[in-house]
Each structure stands twice: as structure tokens, then as C-alpha cells.
Amino acid sequence: MSLRMPEPDSAILERRQRIVASLRTIVHGEGVIATERELRPYESDGLTAYRQLPMVVVLPETTDQVAEILRYCHGEGIKVVPRGAGTSLSGGALPLADGVLLGMAKFNRIREIDFENRVAVVESGVTNLAVSNAVAYAGFYYAPDPSSQIACTIGGNVAENSGGVHCLKYGMTTNNVLGCEIVLITGEILRLGGRHLDASGYDLLGLINGSEGLLGVVTEVTVRILKKPETARAMLIGFPSSEDAGECVSRIIASGIIPGGMEIMDGPAIAAVEEFVHAGYPLDVEALLIVELDGPPAEVDHLIERVEKIARDCRAASCKASRSEQERLLFWAGRKAAFPAVGRISPDYYCMDGTIPRAQLPLVLKRMKEMSAKYGLRVANVFHAGDGNLHPLILYDANQPGELEKTEKFGAEILKLCVEVGGVLTGEHGVGVEKRDLMHTMFSEIDLNQQQRVKCAFDSKGLLNPGKVFPQLHRCAELGRLHIHSGKLPFPDIPRF
């Protein structure tokens, strides 16, 4: 099914033509995309259930061009949606029919690598994996590693505060970003942080990480690069149940061991991945725990023994440690290919993202099984077990009437459960439009109004990525009053695929 552009009236068409012409004076050549056929690839991000053709796409190449575009849009009251690689799974880069889509794909240069200060300065469109590849020859790497790292960009990682399989020990994006260059909607260029580890004043850099494109457009990022560990080995540990695997995770952390990475996959995910990658995963278990330990060889060997004992005490059915770097990478190749692998066993799947306290893993996994039976939909679980970041993949068929709606209800119930047990609605995918209407389950009206005041401080007209994150929108002037009872602006309906 494909959505067609509605026939615009003459006033709208004239305004659009004027906007396109103005943008072409800023970005020349093929940097402005305006035909329906060429706009089609931008109609959605990784949350493909929702699609909307943008009014126009503009692809700047320099920070000055970004500043001029935003200054123009601010002056004309035009909405702007920033977009990196479009891998967002929460609809964070979903376009607007009456907005400019600002594509940052041409910001793909690594500006500087400074091994002495252990930083790299990169443009926002550089892919996550490209940073590690660029410094690998000197024995360095960039720690945050989302599963989409071959495609997702550093700017998008900052917008969503992305994590990855190694975030347990080495932190999320916010823990590995030292500085940013951002452009405000007014066209002002702002530099936050730098190469130093800390800065005086308000932590505005922390505010930008995870801001989902609502506060400014990131054009340059200074990231921390780390020396590769002397040794790294991964363990494959099979369990008769996901609850046993979850219990093992809690006991490993409680023992004082902090692995480099710790991931769980359940039976359906294991079967799909093994058929796809042939990583050597056991097929006779209901849950697979991958634990990576790094450091000096003697320490790693000792920790492997300790982890194996903990696993056996948690009823582990099998335990295997990698014996070479090639085998370690193969173990992880399976996990990183989990999402495309699951796509082979179902016409469609909905990738969820919620975070819970680690100790609640057994309870939450049990409750999700009950929900699966209730909704009659299968679930393949793949998640960052070490920090409690769940990624349930709800399998469905969009061609079956009502299945998408049922899937969304199932997903909402999972997220409400995460909050109920002391967790949060998202770990790394962001709120976007997917979780927007669930924000009240986690935040009070006072909380949300306070967050919107921050938004207004950066974007008083509400032009940057509107319709995302907040379930209700207040005018900035009204947020300045002591009592806020009105002024809520309903968001337009989002076309669903």
C-alpha cells in the first residue's frame, strides 16, 4: 500500500514553490529534493508503520548552510525535521507534510583524530562503525555500538542517546561524547564541551544527548576513543528458560563482575539467528546469554571461571567460551544480525524498547509470555541484559486486518509494565511518535510542562521536530504562567502504513 500526496490548494502549492525556490538559493544543485518520486525514500524511518511524505528535503553540506536554512525557516515559521540515516525505530525522523526534512547525510567527514587526547572530531553524518574503523589501525575504537552501527550516524546516536552491546561497561553515547557543535533554529551556531572531560556551568551537553532533534541540529561531535582491551573473550551460555538466564544476569552483576557486554536471546530469536548466521548457537535451549569479559588475559580467564560457576548455579544447560578472536566476533555477529534474522520468520515485526531494573528480568519475561498468549502474537526477545534494556520483537502480519492495532496494544502493555516495575519507556530508541502518548504513564503534567519549558528556551516557536516526544503541546507563552489549563494544541493525525 502506498500513500499518495493529496492535491494541494493553490495557496499551499504557491507557498511550497516559494519555499523550494528559497532553499535552492542556499543549497545548489541536487541538494533540494521536491518531486514525489524522489521524496518517497524519506517518507518514514525505521518505524515503517507510519509514513508521511515531507514537503521538501534539503541536503546541506556545511554548517553555514544548515544555519542559513534554519534561519530562513525560523523567519518564515516553517517546521523542520532533522534526519540522519533514518534508522530511528521510534518515528523520531518521521517527516511532516508541511515541514522541511533536513537531511544530514552529506556531513560524512572525519575532521580530526587526536590520539594524544584520545578523541575524534567527526561530522554528524559519519556512521557509528566508521569511527572505530578509522582508528582501528592504532589499536583504538569507539565504544557505543548499536546493532545498526554499520548504517546509523553519530548525530542520530546523540539525538537518541544510543547504546549497544557494550554499553554496560563503557556507557551510552552520553558517556562517550565530549563536545558538540549544534545549530539552533534561529541559525546561531553553538559549541558545547570540547576535548576536556568536564566543563563549568550547566551541563547543556548532557541536555543535547537524547534530545531527539527538538533543541537543535547537531553538525559536529567530539567523541571519546578508547584503547582496545588486551584480551576479550565471549561466552555462550544456554538455559532451559529465559527466567533462568535473567537470574544469572542479576547474580553476575551482584557478584561485582562488570562484563564488557551481556545479551540475552530467547528460543525464537536463537533459531532465527542460527539459521541466518551459523554462529554456533545451541538450538536445544530456551534462552542464550552472551557474556563478554575483557582485560588482561589472567583476569579474563579467572572471570570466565567465576561466570561459569554462577551460570551452573542458575541451571545453565551449556557453557562455551570463545577460543579465538574470530570465534568471539562470530558469537557477536549472530547477536548483531538478530533483527534482520527475525525478519525471515515473520512478514512483519514490531521492535520494542523499554528498560527495567535488572532484578525484575525474570518477572517481566514471565509477564511477557502471558501477554503473548493473551494477544495471540509470538515474541522474539533480544535485549541488552546487563542494563535491563529490553527489545521484544512482536511478530505479526500487517496484511491481516487488525493485527497492527493489536500489536501496538501489546507493545503499549509491555512498556507500561516496564514503568510499573520501576523502569522507563525507552533505553535508546527514543520516544518519537511511538511512545509519545505513553509519556503520562511515567511523567506527571508538572514534569512534562517543565520539560517543555526547556524546549521553549531553545525553540520558542516550536518549529524543530514538532509532534514528537510530548503527548500534548503547550504554547511557550502559556508555559510561562503559574497555572496552565489551556492552550493545548492537538497534533495532526499521523498517516499509518
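Note that the structure is predicted; figures quoted are calculated from it, not measured.

1. What to know about the sheet that holds strand E8 (residues 177-183)
By way of backbone hydrogen bonds, the strands of a sheet pair with one another, either parallel or antiparallel.
And then number 1: A sheet is described by the order of its strands in space; here five strands give the open sequence E5-E6-E10-E8-E9, paired in antiparallel fashion. Of all the strands in the sheet, just strand E5 (110-114) and strand E9 (189-193) have a single pairing partner and so form its edges. Here the average twist between neighbouring strands, direction ignored, is 10°.
And then number 2: As paired strands, E8 and strand E10 (residues 217-224) are joined by six bridges and run antiparallel to one another. Among the inter-strand pairings, Ile182 is bridged to a residue of E10, identified as Val218.
And then number 3: With respect to the sheet, helix H3 (residues 63-76) is in contact with E5, E8, E9 and E10, its orientation differing from that of E8 by roughly 50°.
And then number 4: Together, E5, strand E6 (119-123) and E10 form the strand contacts of helix H4 (residues 128-135), whose direction differs from that of E5 by roughly 45°.

2. Comments concerning the packing of aromatic side chains
And then number 1: Per the stated rule, a full pass over the model turns up four aromatic pairs.
And then number 2: A ring pair is formed by Tyr141 and Tyr170, whose centres lie 6.4 Å apart and whose planes are at 85°; its orientation type is edge-to-face. Of this pair, Tyr141 sits in strand E7 (residues 140-141) while Tyr170 sits in helix H6 (residues 167-170), and the two are 29 residues apart along the sequence. Considered together, Tyr141 and Tyr170 belong to a single accessibility category, that of buried residues.
And then number 3: Look at Tyr375 and Phe410: their rings are 5.1 Å apart centre to centre, the planes differ by 10°, and that puts the pair in the stacked class. Taken as a pair, Tyr375 in helix H13 (residues 361-375) and Phe410 in helix H14 (residues 403-420) lie far apart in primary sequence, 35 residues in all. Like Tyr375, the residue Phe410 is buried in the burial classification.
And then number 4: In this structure an aromatic cluster arises from ring pairing among Phe115, Tyr137 and Phe140.

3. Some thoughts on the packing of helix H8 (residues 242-254) against H13
And then number 1: Where H8 contacts H13, the two axes come as close as 8 Å, and the packing angle between them is 160°. Overall, the two elements H8 and H13 adopt an arrangement that is roughly antiparallel. Viewed along their axes, H8 and H13 form a crossing whose handedness is right-handed. Judged by residue contacts, Ser242, Glu243, Gly246, Glu247 and Val249 of H8 engage Leu361, Pro362, Leu365, Lys366 and Lys369 from H13.
And then number 2: Residues of the contact of H8 with H13, tallied by class, amount to four nonpolar, two polar and four charged.

4. Some points on the environment of Ala93
And then number 1: Its place among the elements puts Ala93 in the loop between strand E3 (79-83) and strand E4 (99-103).
And then number 2: A C-alpha to C-alpha distance of 25 Å links Ala93 and Glu445, two positions 352 residues apart in sequence.
And then number 3: Those residues within four positions of Ala93 in sequence are excluded, and the remaining contacts are Asp45, Val81, Pro82, Arg83, Ser88, Leu101 and Lys468.

Reading the values: the criteria
- Residues numbered from 1 in each chain as written.
- Predicted model: local features only at pLDDT ≥ 70, side-chain atom pairs only at ≥ 80, totals over all residues.
- Heavy atoms only, no water.
- Pairing = 2+ DSSP bridges.
- Helix = DSSP H or I, 4+ residues; strand = E, 2+ residues; numbered from the N terminus.
- Axes fitted to C-alpha atoms, helices over the stretch in contact; angles between N-to-C directions.
- Contact = heavy atoms within 4.5 Å.
- Phe/Tyr/Trp six-rings, centres within 6.5 Å; stacked < 30°, edge-to-face > 60°.
- Buried < 20%, exposed > 50% of the residue type's maximum accessible area, 1.4 Å probe, protein only.
- Parallel < 35°, antiparallel > 145°, perpendicular 65-115°, else oblique.
- Left-handed = near helix turned anticlockwise from the far one by under 90°.
- Nonpolar A, V, L, I, M, F, W, Y, C, P; charged D, E, K, R; others polar.

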